[in-house]
Amino acid sequence: MPIIDSNTGRIARSYSFDELKERANYMRGLNLVSLWAAGSGHPGGTLSVMDIGAALYLNVARHDPDNPEWPGRDRIIWSAGHKAPALYTCLGVAGYFPEEELYQLRMLGSRLQGHPHWKDLPGIEISTGSLGQGLSVGVGMAMAAKLNRSAHRIFVITSDGEQQEGSIWEAVMSAAHHRLDNLIQVIDKNSLQIDGLVADVMNIDPLIDKYRSFGWIVISVDGHNLTDLVTRLETARNQNQSQQPVVVICHTTKGKGVSFMEGATAWHGKAPNRDELEQALHELGLNTVFDLPGILEARKTRHQKIESNLAAITPEFSRDYWWNRSETMKVKMEPTRKGFGRALDKHGGDERVVCIGADISDSICIADFHRNHPERKERFISVGIAEQNATTIAAGLAREGKLPIFGTYGVFASARNLDQLRVSVCYSNLNVLIVGAHGGVSVGPDGATHQELESIFQITGLPNMTMLTPCDSLEAERITRILLFDIEGPKYLRLAREATPIITDENSPLNVGEANIFRYRSEKPIFREAFEIVAASDYSSENEGLTIISCGPETAEALRAACILKSEHDIETRVLHLHTLKPIDKAAIVRAAQETNVLVTVEEHQVGGLGNLAAGVVLREPSLVNSGVKFRMIGVPDRFGESGEPWQLIRHFGLAAENIARQTINLLLR
């Protein structure tokens, strides 16, 4: 069934099989160009799913691009939200928006977020990004259609790696139990996930037998034979009165259509460069179709506009204090997760240590545990895309005397498995190290679903839990060793994705539960040499005018703010770095309030994560009652993040040193 004019019920646009094949090939090229323009994204999966998308949006599903909320439309849910560029390509080619908008993929302010958000773009049915949830949403929509006596169908596109999530099988069971014959799941079975072959990471087969045993009608098809694919999808759509949901298992090739991308895990999440793009377009027969210089120029113009807008909202001072823009105060930058990986490489020889990976092992550096040590491979357990299972496996390992480390993106490490952490790990008070990587908005273009901004709320609220968030990669390396061998019980390590300034060294004080104090002394060639770092209990007041309390890599911005305040206004600032958020250093916070009388908390997190912890300490201290302490919290203002370049987002959300300095000055003048 082609695209519909919802006002008349007539066909608005139709495609022959030859035309559909041409469109699908063109969509592959369009998709790759948008990824190249963005400089990030997921080529492999978007190419494997493209024929499926073309078949649904241009031939099978009933929908109207001119009336996206038409009640009679078929719903198409992309549960595998990282394939959003393919979704956007389908919508653009179907006519939901001009195709040129695809070249704004993942830019700050673009409707084309790193993962799809239904509030931003017509044609998206639901916001996705955390794998395994879309099928349950589809079950809910199918139930609603039954209740409304509506004849439309619900298609849910999932990936084969996604079948490893337990929530998928809850939805599978529910759909069969409720006889949802208006629900069609379409699986893009390309046999690869980030950590390798699906069969090696966590085998999901025999998938056909499993779905049949759950009461589903199963259709198997070559996902790149468009004639057969359309026929099978139409059969699934027109399945009436079967009282069984349908799953169409599409056998596909990751990176389909581009020789050097086909079957290569390396192309899961890496955008092509100009030479690679031109080779890919040549193979697709599209080398003369796209105006690459024009596309690049248009994106450059938009980038300049974004930078201009950010400059307009960033406070100005007498000179530019931004990182590495002056001849002095130079910093080296490295992601904190790299320090975590080095610690595993160095200290993973202890036979008690067991690492648990969840399909993003290289990205978060947990694979460094065994990369140079093949003898450790048996102590590396891959669970696939199954965070809740990983957490409870870790609990079992700990109960038997092992030292388990489970790591994944922070949004999954702290939220997806919160109940498992609460009951199996914390209530049992087991010696488990959970690592939440990619914390904060500096995750960048992946967007809101992958930017962890809530973990301080979630993790510090758990009894028996220890939580640390290092300021740089050196501190992360040292903290990993301490957490692993010196701290008993549940423990959580929050890491960042983006390269951030290194502001400590091997001799910097580091005591779990005790804050460090940074004091700016004078401008130096090297940024970290401009500061004295002292353990809070060893520090004597210098009658500073205020205290900035910070944690994680945001401490570097706090230090830069201290430089600005001193250079521009001769204000002396005590910077209190809380690498340990639980147990929090109450004494250091109380002393700072008593001695400086002005506290500003800064965090790359929802405002109040760190701020509420510090405020709670102040409000519970009898000596500070009626003290008139001035207090301000700086963080992400009770909202989700969005796609953009990491340092753009730091400025966009007011987390840069310039914003901290300006807000501090305003507080002092109040």
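Up top is the structure.
So, a few notes on the structure that sits alongside this text. All figures in this text were calculated on a predicted structure; none of them were measured in a lab. (Residues numbered from 1 in each chain as written. Predicted model: local features only at pLDDT ≥ 70, side-chain atom pairs only at ≥ 80, totals over all residues. Heavy atoms only, no water.)

**Section: the packing of helix α3 (residues 50–60) against helix α4 (residues 84–94)**
Counted only if it meets this: To define axes, lines are fitted to C-alpha atoms, for helices over the stretch in contact only, and angles between the resulting N-to-C directions are given on a 0 to 180 degree scale. A run of H or I in DSSP counts as a helix once it spans at least four residues, and a run of E counts as a strand once it spans at least two, with each numbered from the N terminus. Crossing handedness is read from the near helix: turned anticlockwise from the far helix by less than a right angle, it gives a left-handed crossing, and turned clockwise, a right-handed one. Whether two residues touch is decided by their heavy atoms; if any such pair falls within 4.5 Å, the residues are in contact. Three categories are distinguished: nonpolar for Ala, Val, Leu, Ile, Met, Phe, Trp, Tyr, Cys and Pro, charged for Asp, Glu, Lys and Arg, and polar for the others, with Gly belonging to the last.
The N-to-C vectors of α3 and α4 enclose an angle of 35 degrees; their axes lie 10 Å apart at closest approach. Pair α3 / α4 crosses with right-handed handedness. In this structure, α3 uses Met50, Gly53, Ala54, Tyr57 and Leu58 to contact α4, whose residues at the interface are Ala86, Leu87, Thr89, Cys90, Leu91, Val93 and Ala94. A class-by-class count of the residues in the contact of α3 with α4 yields 10 nonpolar, 2 polar and no charged.

**Structural notes on helix α21 (residues 586–596)**
Convention followed: In this scheme, a residue with accessible area under 20% of its type's maximum is buried, one over 50% is exposed, and one in between is partly exposed, where area comes from a 1.4 Å probe on protein chains only.
Every buried residue of α21 is listed here: Ala588, Ile589, Val590, Ala592, Ala593 and Thr596. On its buried side, α21 packs onto β20 (546–550), β21 (573–577), β23 (598–606) and α22 (609–619). Positive backbone phi, approximately 65 degrees, marks Asn597, located one or two places after α21.

**Details of the sheet that holds strand β24 (residues 630–636)**
Here is the rule we go by: Pairing between two strands is assigned when DSSP locates at least 2 bridges connecting them.
Across the sheet, 6 strands lie side by side as β19-β18-β21-β20-β23-β24; this open sheet has mixed pairing. Edge strands, defined here as strands with exactly one partner in the open sheet, are β19 (531–535) and β24. Between one strand and the next, the sheet's axes are offset by a mean angle of 20 degrees, whatever the strand orientation. Where β20 meets β21, 5 bridges bridge the pair, whose relative direction is parallel.

**Examining the sheet that holds strand β5 (residues 183–189)**
Strand order in the open sheet made by the 5 strands is β3-β4-β5-β9-β8, with parallel pairing throughout. Looking at which strands have only one partner, the edges of the open sheet turn out to be β3 (75–78) and β8 (217–222). Strand after strand, the sheet turns through a mean of 20 degrees between neighbouring axes, direction not considered. Examined bridge by bridge, β8 and strand β9 (residues 246–251) share 6 bridges and lie parallel to one another. Considered in β9, the bridge of Ile217 is made with Val246.

**A word on the packing of aromatic side chains**
Note the cut-off: Aromatic contacts are taken between Phe, Tyr and Trp rings whose centres are within 6.5 Å, Trp giving its six-membered ring; a plane angle under 30 degrees counts as stacked, one over 60 as edge-to-face, and the others as tilted. For a lysine, the NZ atom is tested; for an arginine, the CZ atom; a charge sits over a ring if that atom is within 6 Å of the ring centre and within 35 degrees of the ring normal.
On inspection of all chains with the given rule, the structure shows 11 aromatic pairs. Both rings, one in Tyr211 and one in Trp216, keep their centres 5.4 Å apart while their planes meet at 75 degrees; by these two values the pair is edge-to-face. An identical accessibility class is assigned to Tyr211 and Trp216; each is buried. Here Tyr520 and Phe531 contribute two aromatic rings whose centre-to-centre distance is 5.5 Å and whose plane-to-plane angle is 55 degrees, an arrangement assigned as tilted. Here the residue Tyr520 occupies a position in strand β18 (residues 516–520), and Phe531 occupies one in strand β19, the gap between them amounting to 11 residues. Here Tyr520 falls in the buried class, since its relative accessible area comes to 9%. Phe531 gets classed as buried once you look at its relative accessible area, which sits at 9%. An aromatic cluster is defined as three or more aromatic residues linked by ring pairs; in this entry it consists of Trp169, Tyr211, Phe214 and Trp216. Over the ring of Phe369 we find Arg376; its NZ or CZ atom is 5.6 Å from the centre of that ring.

**Let's talk about the side chain of Ser167**
This is how the line gets drawn: Polar contact is defined as a pair of N or O atoms within 3.5 Å, subject to the rule that within protein one atom must be able to donate a hydrogen and the other to accept it, and that residues adjacent in sequence are counted only when both atoms are side-chain atoms.
Mapping Ser167 onto the fold places it in helix α6 (residues 166–177). A polar side-chain atom of Ser167 sits 3.0 Å from a polar atom in the side chain of Arg416. In contact with Ser167, not counting residues within four places along its chain, are Gly132, Gln133, Ser136 and Arg416.

**Quick word on the pairing of β21**
Applied cut-off: Seen with its strands pointing away from the viewer, a crossover is right-handed when the path leading from the first strand over the helix to the second is clockwise.
For β21, a buried count of 5 out of 5 residues is recorded, marking the element as mostly surrounded by other parts of the structure. The alternating pattern of β21 places Thr573, Val575 and His577 on one face and Arg574 and Leu576 on the opposite face, and all of these are buried. In this view, the connection linking β20 to its parallel neighbour β21 by way of helix α20 (residues 554–569) has right-handed handedness.

**Quick notes on the nonpolar core**
The nonpolar side chains of a soluble globular protein tend to be buried, and buried together. Spelled out, the test is: Joining through side-chain atoms within 4.5 Å is the link that ties buried Ala, Val, Leu, Ile, Met, Phe, Trp, Tyr and Cys residues into a set, and such a set is a nonpolar core.
Counting residues in hydrophobic clusters, the biggest one holds 68 residues, and the most contacted among them are Leu32, Val33, Leu56, Trp78, Tyr88, Val248 and Phe290. Broken down by element, this core gets its largest block of residues, 11 residues, from helix α1 (residues 17–38). In terms of nonpolar packing, the next biggest core, distinct from the first, is built from 47 residues, Tyr321, Ala530, Cys563 and Leu565 among them.

**Quick word on the environment of Arg274**
In this structure, Arg274 sits in helix α10 (residues 274–283). With a relative accessible area of 32%, Arg274 lands in the partly exposed category. Considered as a pair, Arg274 and Gln458 are 184 residues apart in the sequence and their alpha carbons are 42 Å apart. Filtering out sequence-adjacent residues up to four positions away, Arg274 remains in contact with Trp36, Leu292 and Pro293.

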